[in-house]
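Topology and contacts: notes
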Amino acid sequence: MNFNKARVFFVLLGCLLLVAGALLLNKDILLSPVQVKNERFTTYARTFETIPILRSQLALADDAFVTISAKSFYVLDLTSNTVLAERNAERILRPASTTKLMTALIALELWPRTMPITTTSVPELSGFKSIFPIGQQYYLEDLIRAALIQSSNDAAYLIAQQHTEGISGFVARMNERAQELGLESTYFENPAGFDADNQISSARDLAILTKEFLRVPFLAEVVATSQATITTIDGKFSVPLR
């Protein structure tokens, strides 16, 4: 999965989670524990008639989801933690840039948003164009913005380099956090999402990670932003993000 596709996947995943959560606040919507399966998908919520946006796509008909081409997906109601629908939710896939969800989450669990970070060379990114000249200083929160809005790989690595044990220590903490969250199919080898043998996740795991991620107001605000401009701490340089 390339990074552009990963960004689209993440946006769609976030939209599904948020829409499902918001719509199901309606007290008139009744959920049933009945599972309905066919060869294409499994649904868990029986009554969709009162949810116009879901009625056509989540109808319990044999031809449902024919317009959804995703190899796997997992629709979760954030309010009740109810699984509404899924397809191959446990299938192992490359998380690509959705890895940066965990990178951002760990960064804010370790350090304050206003921690200054000086840009350096990132050997792991040899061959990739950096958006950050060496020697500039940014606040952590702005590098997080770059990682999530621009899907900046160098921002992800610059963040990870701040760990006392370097990038490997940061990635180790990412994997510890994955275990704490019960992400059974997830493992990270790098903080940016480059494909690697053990850089893996699943739709179910990404949904759980996204739910935890959205608990942090700042992170929820950032992923709802389509473009922004960050500046160095001294205000002399700026970087547009989109």
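One can find the structure itself at the top, above this paragraph.
Keep in mind that what you see is a predicted model, and the values were worked out from it rather than measured.

Quick notes on the packing of helix 3 (residues 99-110) against helix 6 (residues 166-180)
Relative orientation of the contacting elements helix 3 and helix 6 amounts to 100°, with a least axis distance of 10 Å. Classified by the interaxial angle, the pair formed by helix 3 and helix 6 is roughly perpendicular. Counted together, Thr-99, Met-102, Thr-103, Ile-106, Ala-107, Glu-109 and Leu-110 of helix 3 and Phe-170, Arg-173, Met-174, Arg-177 and Ala-178 of helix 6 form the full contact between these two elements. Class assignment for the residues of the contact of helix 3 with helix 6 results in seven nonpolar, two polar and three charged.

Some words on the pattern of salt bridges
According to the stated counting rule, one finds 11 salt bridges in the structure shown. Among the salt bridges present, the one from Glu-109 reaches Arg-177, with a minimum N-O distance of 3.0 Å. Of the two residues, Glu-109 sits in helix 3 while Arg-177 sits in helix 6, which places them 68 residues apart along the sequence. For Glu-109, a relative accessible area of 38% translates into the label partly exposed. Put simply, Asp-205 and Arg-204 hold a salt bridge, and the shortest N to O gap is 2.7 Å. The residues Asp-205 and Arg-204 share a single accessibility class, namely buried.

What counts, and at which threshold
- Residues numbered from 1 in each chain as written.
- Predicted model: local features only at pLDDT ≥ 70, side-chain atom pairs only at ≥ 80, totals over all residues.
- Heavy atoms only, no water.
- Axes fitted to C-alpha atoms, helices over the stretch in contact; angles between N-to-C directions.
- Helix = DSSP H or I, 4+ residues; strand = E, 2+ residues; numbered from the N terminus.
- Parallel < 35°, antiparallel > 145°, perpendicular 65-115°, else oblique.
- Contact = heavy atoms within 4.5 Å.
- Nonpolar A, V, L, I, M, F, W, Y, C, P; charged D, E, K, R; others polar.
- Salt bridge = Lys/Arg side-chain N within 4 Å of Asp/Glu carboxyl O.
- Buried < 20%, exposed > 50% of the residue type's maximum accessible area, 1.4 Å probe, protein only.

Interpretation note: all reported values are geometric properties and have no functional meaning in isolation.
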